[in-house]
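Fold and geometry: a report
Chain by chain, the residues:
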Amino acid sequence: MYQNLWEQTSIAKRIEELTIELTEVLSVTETKGEIEVSKKVYELLNRLPYYQENPENLYIQDIPTDKFGRKNVIAIVKGKSTSNKAVALLGHTDTVGISDYGNLASLCTTPYELTEKMAEIKDNLPQSVQIDIEAKDEDYLFGRGIFDMKSGNAVIMALIEAITMDVENFDGNLIYMAVCDEETNSTGMFAAVPELNKLAKLNEWDIQGLIDTDYMTNDYEGDDSKYIYIGTVGKLMPSFYVVGSETHVGESFNGLDPNQIVAELTREINLNPAYCDIAEGQVTLPPVTLKQRDLKPEYSVQIAKTATVFFNYATHCSTPDQVLEKMLAAAEKCMDEVLETLSERYEMFCNLSNIENQGLPWKTKVISYDDLIKEVRLEIGEVEFEEVRRKIEGDLLKEKNLDERDFSLAMVEKIHTLWSYRDPVIVVYFTPPYYPHILVEGKNKKEKNMLKAVEKAMAETVTDYPLVLKKFFPYIADISFASAPQDANVVENLKGNMPGFGSKYIMPIEEMQKLNVPVLDIGPFGKDAHKYTERVETNYSFNVTPEVVYRTIIELLK
């Protein structure tokens, strides 16, 4: 069936056509363009005879909670057999912004024109881009989102076109979710996961796994391998609210500068391989700072009272409670070292100034956000604390310009003010968002089937490209939300230490636990996602990628 399907449909050509049509819609995240691209996906699929005859299998999913009015598109293919097996397919339709294009911005949604322009100005482009433009054995198309991930959606849509042309011989079911908002807060995927569970229940389907067609690139310059990823990396954002002790700069040793503690936290944690997460020989990148600042709102000659820093922390196997324990230990170590350093420096200052060293009064104190809440609740009582907490949360929710990150910090600040402990302290918590890692190791039937299916699909795909199966899709993406930790204690620990979870940051974690399927990323190949030189390589992407995706689907549905 496979070879005939390909020959009959000229699928590579169709993928290119769809890629161009989707890229022509400027769909920068959190703009009206996201609504337009969803309409375009719906319109392109709705032309198919299958959906004309089965209109109930294609629909736009409204997201009532989304302030931008964005939508998802859900497309279902029901085979004519009685099989209850289904495979979910995923693609995001939004892109990052276009400011990086400068005077090329008017061309960023017209791939053919932009590609011609890039060839004209190639001498002014980075050398790696020049090499790709001049390559004889590769053909690249440039454009915003063409690589991340309009071409990936085009692969799925072309496959759906081909499959529905011969749906009588298709054994199984497909659910394609074209989701919005992947580049920011995953609003689309958060709406799609419950919908997927609802469809499975309604149709009595057993979903075998989820295949994403997000982008794939080389690991290093000159790398010829083409990667397929099983499972995905996770992400947490451990955060530190540091309370020092203010003083006039003319009496600097009478205070404790929180900036020095934050600086020590950065020195200890930032890009430190000791905090890499390792599973099955795959190593995450170490944590890296995403924000660091003191919280003094004005200039004065008083040192800051509080400061904050949070880190991007990638995971392959560590659960949120385990990461929290590591960060609590790191905070204690850093505060100890700062206090020891200050004591040494104060002693040197006293000797130089010929004054008595009476010692510094500070002691190390580190606490998790959940334990901070317990301390405050114990002091002021359960009922009063809940009333105050609800008021604080309600007032902050009214501040519409406060994003999830600033909301979490504000909650920590305000809850801390309720505590009678006034000495320096580090409060450790999690800032949203949270992306669970998914490790596919063959521990259950679905994981074993997915491993076998993709390995067989790769082996049967005839290509000169070296295909390599790797664990963990390495980029933060919506694919993470196909599952969540099954241990209730782990989830409760996460919720308890992420201020705003369930109010400002609304993640369908119970629905994710319920879905709980293995994941794959089989994506187009290209380079420079999120750069003005973003480009997709057409030979591999439009010929090999769809074949591996198709063969994997068929194997999963057997």
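Every chain is numbered on its own, with residues counted from 1 as its sequence reads. Local features in this predicted model are restricted to residues whose pLDDT is 70 or higher, and side-chain atom pairs enter the listing and the counts only when it is 80 or higher, whereas totals over whole chains, interfaces and linings include all residues. To get the side-chain values, take all heavy atoms of the structure and skip hydrogens and water.

Some details on the overall build of the protein
Note the cut-off: Per the convention used, a helix needs a DSSP run of H or I reaching at least four residues, while a strand needs a run of E reaching at least two, with both numbered from the N terminus. For this measure, only C-alpha atoms enter the radius of gyration; the expected value for a globule follows 2.2 Å times N^0.38, where N is the number of residues. Think of it in three bands: with a 1.4 Å probe and only protein chains considered, a residue is buried below 20% of the maximum accessible area for its type, exposed above 50%, and partly exposed in between. A residue counts as positive if it is Lys or Arg and as negative if it is Asp or Glu; His and the chain ends are not included. The location of each charge is read from NZ of Lys, CZ of Arg, CG of Asp or CD of Glu.
Across its full length, the protein carries 17 helices and 19 strands. Taken against the 2.2 N^0.38 rule, which gives 24 Å for 558 residues, the C-alpha radius of gyration of the protein at 26 Å falls within 12% of a compact globule. For the C-alpha atoms alone, the extent of the protein along its principal axes is close to 90 × 60 × 40 Å. The buried share among the 558 residues of the protein stands at 57%. Averaging the locations of the 57 positively and 91 negatively charged side chains of the protein gives two centres separated by 4 Å.

Regarding empty space enclosed by the protein
Applied cut-off: A pocket, in this scheme, is an open set of points on a 1 Å grid over the protein atoms alone with protein on both sides within 12 Å along at least 5 of 7 lines, while a cavity is a set where a 1.4 Å probe fits but cannot get out; residues line either one if an atom lies within 4 Å of a point. Grid points are joined across faces, edges and corners, and a volume is the space filled by probe spheres set on the points.
As enumerated under the stated definition, the model contains one cavity of 30 Å³ or more in all. For the largest cavity, the calculated volume is near 60 Å³. As for the largest cavity, its lining consists of K291, R293, T308, F310, R405, D406, L409, Y429 and T431. Contributions of two or more residues to the lining of the largest cavity are made by β12 (288-294), β13 (306-315) and α13 (404-417). Among the elements that take part in the lining of the largest cavity, α13 stands out by supplying three residues, more than any other.

Topic: the environment of V288
Topologically, V288 is positioned in strand β12. Under the relative-accessibility criterion, V288 is labelled partly exposed at 30%. Sequence separation between V288 and K39 is 249 residues; the distance between their C-alpha atoms is 38 Å.

Things to note about the sheet that holds strand β18 (residues 526-527)
For the record, the criterion: For two strands to pair, DSSP has to find at least two bridges joining them.
Taken together, the three strands give an open sheet; going across it, the order is β4-β19-β18, and neighbouring strands pair in antiparallel fashion. Single-partner strands in this sheet number two, and they are β4 (140-142) and β18. Sheet topology note: the β18/strand β19 (residues 535-537) ladder contains two bridges and is antiparallel. Each residue of the ladder has a partner; that of G526, found in β19, is V536.

Some remarks on a negative patch on the surface
Rules: For patches, a residue must show more than 30% relative accessible area and have no salt bridge; joins then use 9 Å for like charges and 5 Å for nonpolar side chains, namely Val, Leu, Ile, Met, Phe, Trp and Tyr. For every accessible area listed, the method is Shrake-Rupley and the probe measures 1.4 Å; residues are considered covered only by the protein chains on display. Any carboxyl oxygen of Asp or Glu that lies within 4 Å of a side-chain nitrogen of Lys or Arg is treated as forming a salt bridge with it.
A cluster of acidic residues, E332, D336, E340, E344 and E347, forms a negative patch at the surface. Assignment of secondary structure puts E340 in helix α10 (residues 320-353).

A look at the side chain of R551
Keep this limit in mind: Any pair of nitrogen or oxygen atoms within 3.5 Å is treated as a polar contact; in protein, a donor-acceptor pairing is required on top of that, and neighbouring residues in sequence qualify only through side-chain atoms on both sides.
One can find R551 in helix α17 (residues 538-557). Using a relative accessible area of 17% as the deciding quantity, one classes R551 as buried. At 3.5 Å, the side chain of R551 and the side chain of E460 are in polar contact.

Quick look at the domain arrangement of the protein
Threshold: Domain borders in the structure are assigned automatically or taken from a domain database. Residue contacts are defined here by distance: any two heavy atoms, one from each residue, within 4.5 Å place the two residues in contact. Values labelled buried area give the accessible surface lost by two parts on being combined, using a 1.4 Å probe and summing over both. Following the grouping adopted for this structure description, the nonpolar residues are Ala, Val, Leu, Ile, Met, Phe, Trp, Tyr, Cys and Pro, the charged ones are Asp, Glu, Lys and Arg, and the polar ones are all others, Gly among them.
Under the domain assignment, the protein is made up of domain 1 (1-233 + 435-482 + 517-557) and domain 2 (234-430). Of note, the centres of domain 1 and domain 2, computed from C-alpha atoms alone, are 40 Å apart. Counting residues at the interface gives 13 residues for domain 1, matched by 14 residues for domain 2. Between domain 1 and domain 2, a total of about 1,000 Å² is buried, with carbon and sulfur atoms accounting for 51% of that surface. Linking domain 1 to domain 2 there are one salt bridge. Across the salt bridge formed by K471 and E280, the nearest N and O atoms sit 2.3 Å from each other. Across the domain 1-domain 2 interface, the total number found is three residue pairs in polar contact (both at pLDDT 80 or more). In terms of residue count, strand β16 (residues 467-473) provides more of the side of domain 1 that touches domain 2 than any other element does, three residues in total. Of the residues that constitute the side of domain 1 that touches domain 2, the class distribution is six nonpolar, three polar and four charged.

Some remarks on the nonpolar core
Let me state the cut-off plainly: Nonpolar core, defined: a set of buried Ala, Val, Leu, Ile, Met, Phe, Trp, Tyr and Cys residues in which side-chain atoms within 4.5 Å join the residues together.
Ranked by internal contacts, the top residues of the largest apolar core, which has 134 residues, are L45, Y176, M177, L210 and F240. For this core, the two domains that each supply at least three residues are domain 1 (1-233 + 435-482 + 517-557) and domain 2 (234-430). With near-sequence residues (within four places) excluded, L210 lies in contact with A88, L90, M177, M189, M450, I479, A482, V517, P518, V519 and L520. Y241, I367, F385 and A410 belong to the second-largest nonpolar core, a separate cluster that totals 22 residues.

Comments concerning unusual backbone geometry
Only a minority of non-glycine residues have a phi that is not negative, and only a minority of peptide bonds are not trans. Between D148 and M149 the backbone carries a cis peptide bond, its omega angle lying at -10 degrees. Topologically, M149 is positioned in helix α7 (residues 146-165). The residue after P432, namely P433, is reached through a cis peptide bond having omega 5 degrees. You can see P433 is positioned in the loop between β15 (425-430) and α14 (445-460). With phi around 60 degrees, S186 is a residue other than glycine that occupies positive phi space.

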